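Tertiary structure, described
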Amino acid sequence: MVGNDVTAIHDITANHAVNTMNANVNGTLTVNGNSYLGSGFVCTYDGHVRTREVRVTQTGWSDFVFSEDYKLMPLSQLEKYIKNYRHLPEIPTESEVKRDGVSISEMNIMMLQKIEELTLYIIDLQKQINELKCQQK
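First things first, this report covers the structure right here in the doc.

As for unusual backbone geometry
- Residue R86 is not a glycine yet carries a positive backbone phi of 60 degrees.
- Following the sequence through the fold, R86 ends up in the loop between helix 1 (75-85) and helix 2 (94-100).
- Overall, the relative accessible area of 72% leaves R86 in the exposed class.
- Even without being a glycine, E90 presents a positive backbone phi close to 70 degrees.
- Mapped onto the elements, E90 comes out in the loop between helix 1 and helix 2.

Some details on the pattern of salt bridges
- Considering all chains together, one arrives at five salt bridges under this definition.
- Its salt-bridge partner being D100, residue R99 comes within 2.9 Å of it at the nearest N-O pair. Both residues of the pair, R99 and D100, belong to the exposed class.

Focus: the side chain of E116
- Here E116 lies in helix 3 (residues 104-136).
- In this structure, E116 is buried with no salt-bridge partner, the nearest side chain bearing the opposite charge being K114 at 10 Å.
- One polar contact links E116 to S62, side chain to side chain, over a distance of 3.3 Å.
- Those residues within four positions of E116 in sequence are excluded, and the remaining contacts are S62, D63, V65 and F66.

Scoring rules and cut-offs
Residues numbered from 1 in each chain as written. Predicted model: local features only at pLDDT ≥ 70, side-chain atom pairs only at ≥ 80, totals over all residues. Heavy atoms only, no water. Helix = DSSP H or I, 4+ residues; strand = E, 2+ residues; numbered from the N terminus. Buried < 20%, exposed > 50% of the residue type's maximum accessible area, 1.4 Å probe, protein only. Salt bridge = Lys/Arg side-chain N within 4 Å of Asp/Glu carboxyl O. Lys, Arg positive; Asp, Glu negative; His and termini not counted. Polar contact = N/O pair within 3.5 Å; in protein donor to acceptor, adjacent residues only side chain to side chain. Contact = heavy atoms within 4.5 Å.

Laid out in structure tokens, this is it:
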């Protein structure tokens, strides 16, 4: 299965039938005739990939949600959006993902943005609860 040109590879696992597999740390990885080059390669393998970690370097992040001038959508408006479009704002629809796929790094940023927005909603709701408790005393 693995050719003689393999040097210093940590773990290579194949869960599908693999006819040929050759790897060279400083060269290419070939699986069933698909070649994967080093830095800057494009992977076109249509199957499963198993790994312990994927590290993505990113130039942007979603912490802008915590800036003073960020406008959080009112919950009533968010509810209307979800009823009309059946997905969260700024998140691709199921049909878009089926058609185009999704970038893991971009989706992580979008999900973190939604988590940060949820955190702001929760903080606001807690303030309202505390205010109501004070009014009851």
